[in-house]
Amino acid sequence: MAHQHSSQPRLSPSSDTEDMVMLLAPRLAHFAGVARTEHVTRAAQELQVPQSTLSRSMVRLEQDLGVDLFARRGRTVSLTPAGRTFLASVERALAEIERAADEVRADADATTGKVAFGFLHTMGAETVPGLLQAFRVDHPRVRFSLVQNYGEAMLEKLRAGELDLCLTSPVPDAPGLVARRLDEQRLRLVVPADHPLASRRRIRLAEASEETFVTLEPGYGLRRITDHLCLEAGFRPRIAFEGEETETLRGLVAAGLGVALLPPPTVPRPGVVELAITGQRAVREIGVAWLEGHPDTPPVAAFKKFLLSRRGSLLPD
């Protein structure tokens, strides 16, 4: 194997690390193969590359590093001390690349792959478990990474590539995202059981204009819906407490700390009465969103198709 050093290495010690990686990365597997066999011809056969290509690759690698990695005796080579040091790190790097390749292939496998799925806290007790149970009838080995959060936080994770799909509300209309409406929930005015309004079955929201409200924090979809519905009814809600969970809000209502606009509970909560809203459309729309132009792996595509097939029947009766 011809071996001629250029007068100067291609990269100086002050060269940018990213440039170094771009130059070295394509040659690392070749280097490991030659180091393992200590013979250029045998390495070329194992790697299924022309011997001349392999020889040039090793010369260029040494030139890029500015050190001799091999001592040469014809086509037989042995590692120099620098070569042994370099090989230890190269083998770790190649093993990590192989592990990462195996992981992403496994995640994309149509039968056993993984779906990163986000959803609202209010859908965690009943809706999502039911969906996953139904989906796994035909896809029993697909794995899920589940994330519960409020809408805006999930959309940020979607944009960052941390989620494949998410169920959220309101249904987003934003650049770079695709969203489809799946279902809706009627919201109710939840009042303490000993409240003067507790004897009613339905109410116009304007009748609650003097009440103190407990709501979710700003940034939550249900908070935006609450503010909008109250403004539509002609008033701004007086807010005493802000929380992160709808069931916490029900507890605050039961304690007499205010009233709240909430979707139906998973199970009836003692200490509160839930009144139907009349005179305006008080609903929370639920939709599925994903990143526009983002290619789906087979398990993600299958789960997306399943969710879209549940339009109008996503939520339990």
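Predicted, not measured: the structure shown is a model, and the values here were computed from it. (Residues numbered from 1 in each chain as written. Predicted model: local features only at pLDDT ≥ 70, side-chain atom pairs only at ≥ 80, totals over all residues. Heavy atoms only, no water.)

Caption draft 1: A look at the overall build of the protein chain. Across its full length, the protein chain holds 10 helices and 13 strands. Summarising its shape, the C-alpha atoms of the protein chain cover approximately 100 × 45 × 30 Å along the three principal directions. A buried classification covers 41% of the 317 residues belonging to the protein chain. In the protein chain, of all internal contacts separated by at least 6 residues, the share reaching a separation of at least 24 is 75%. (Helix = DSSP H or I, 4+ residues; strand = E, 2+ residues; numbered from the N terminus. Buried < 20%, exposed > 50% of the residue type's maximum accessible area, 1.4 Å probe, protein only. Contact = heavy atoms within 4.5 Å.)

Caption draft 2: Here's a closer look at the sheet that holds strand 8 (residues 202-204). Spatially, four strands are ordered 8-12-7-11 in an open sheet, and the strand pairing comes out mixed. The open sheet is flanked by strand 8 and strand 11 (260-262), the only strands paired with a single partner. In this sheet, neighbouring strand axes are inclined to one another by 45° on average, regardless of whether the strands run parallel or antiparallel. In this sheet, strand 12 (residues 272-278) lies alongside strand 7 (residues 188-192) in antiparallel orientation, the contact comprising five bridges. Within the sheet, the bridge partner assigned to Val190 lies in strand 12 and is Glu274. (Pairing = 2+ DSSP bridges. Axes fitted to C-alpha atoms, helices over the stretch in contact; angles between N-to-C directions.)

Caption draft 3: Representation of helix 3 (residues 40-47) within the structure. Looking only at helix 3, the buried set comprises Val40, Ala43 and Ala44. Looking down the long axis of helix 3, one finds its buried residues gathered within 100° of arc, a one-sided arrangement. In the core, the buried residues of helix 3 are packed alongside helix 2 (28-37), helix 4 (51-65) and strand 2 (76-79). Gln48 occupies a position one or two residues after helix 3 and carries a positive phi of about 60°. (Arc of directions from axis to C-beta.)

Caption draft 4: Representation of the packing of aromatic side chains within the structure. Scanning all chains against the criterion turns up 11 aromatic pairs. Judged by centre distance (4.9 Å) and plane angle (80°), the rings of Phe117 and Phe303 are edge-to-face. With Phe117 in strand 3 (residues 114-119) and Phe303 in helix 10 (residues 298-308), the pair connects residues that are 186 residues apart, well separated along the chain. Through successive ring pairs, a cluster of aromatic residues spans Phe117, Phe119, Phe135, Phe144, Phe303 and Phe306. (Phe/Tyr/Trp six-rings, centres within 6.5 Å; stacked < 30°, edge-to-face > 60°.)

Caption draft 5: Expanded view of helix 6 (residues 127-135). Along helix 6, the positions that sit buried rather than exposed are Thr127, Val128, Leu131, Leu132 and Phe135. Relative to the axis of helix 6, the buried residues are bounded by an arc of 125° and lie together on one face. Structurally, helix 6 contributes buried residues whose contacts are with strand 3, strand 4 (143-148), strand 5 (165-168) and helix 10.

Caption draft 6: Broad picture of the nonpolar core. Within the largest apolar cluster, 33 residues are counted, with the highest numbers of intra-cluster contacts made by Phe117, Leu167 and Phe303. Elements with a contribution of two residues or more to this core: strand 3, helix 6, helix 7 (151-159), strand 5, strand 6 (177-186), strand 13 (283-291) and helix 10. Those residues within four positions of Leu167 in sequence are excluded, and the remaining contacts are Phe117, Gly118, Phe119, Leu120, Met123, Val128, Leu131, Met154, Leu182, Gly287, Val288 and Leu314. In terms of nonpolar packing, the next biggest core, distinct from the first, is built from 29 residues, Leu249, Leu252, Val259 and Leu262 among them. (Core = buried A, V, L, I, M, F, W, Y, C linked by side-chain atoms within 4.5 Å.)

Caption draft 7: Up close: the pattern of salt bridges. In total, this model carries 20 salt bridges according to the counting rule given. For the salt bridge of Arg143 with Asp107, the shortest nitrogen-to-oxygen distance reads 3.0 Å. One end of the pair, Arg143, is in strand 4; the other, Asp107, is in helix 5 (residues 81-108), and 36 residues separate them in sequence. Look at Asp107 and you get buried, because its relative accessible area is 18%. Measuring nitrogen to oxygen at the nearest pair gives 3.3 Å for the salt bridge that ties Glu162 to Lys157. Taking the relative accessible area as the measure of exposure, Glu162 reaches 48% and is therefore partly exposed. Judged by relative accessible area, which is 25%, Lys157 ranks as partly exposed. Linked through salt bridges whose partners overlap, the residues forming this network are Arg181, Glu184, Arg281 and Glu285. (Salt bridge = Lys/Arg side-chain N within 4 Å of Asp/Glu carboxyl O.)

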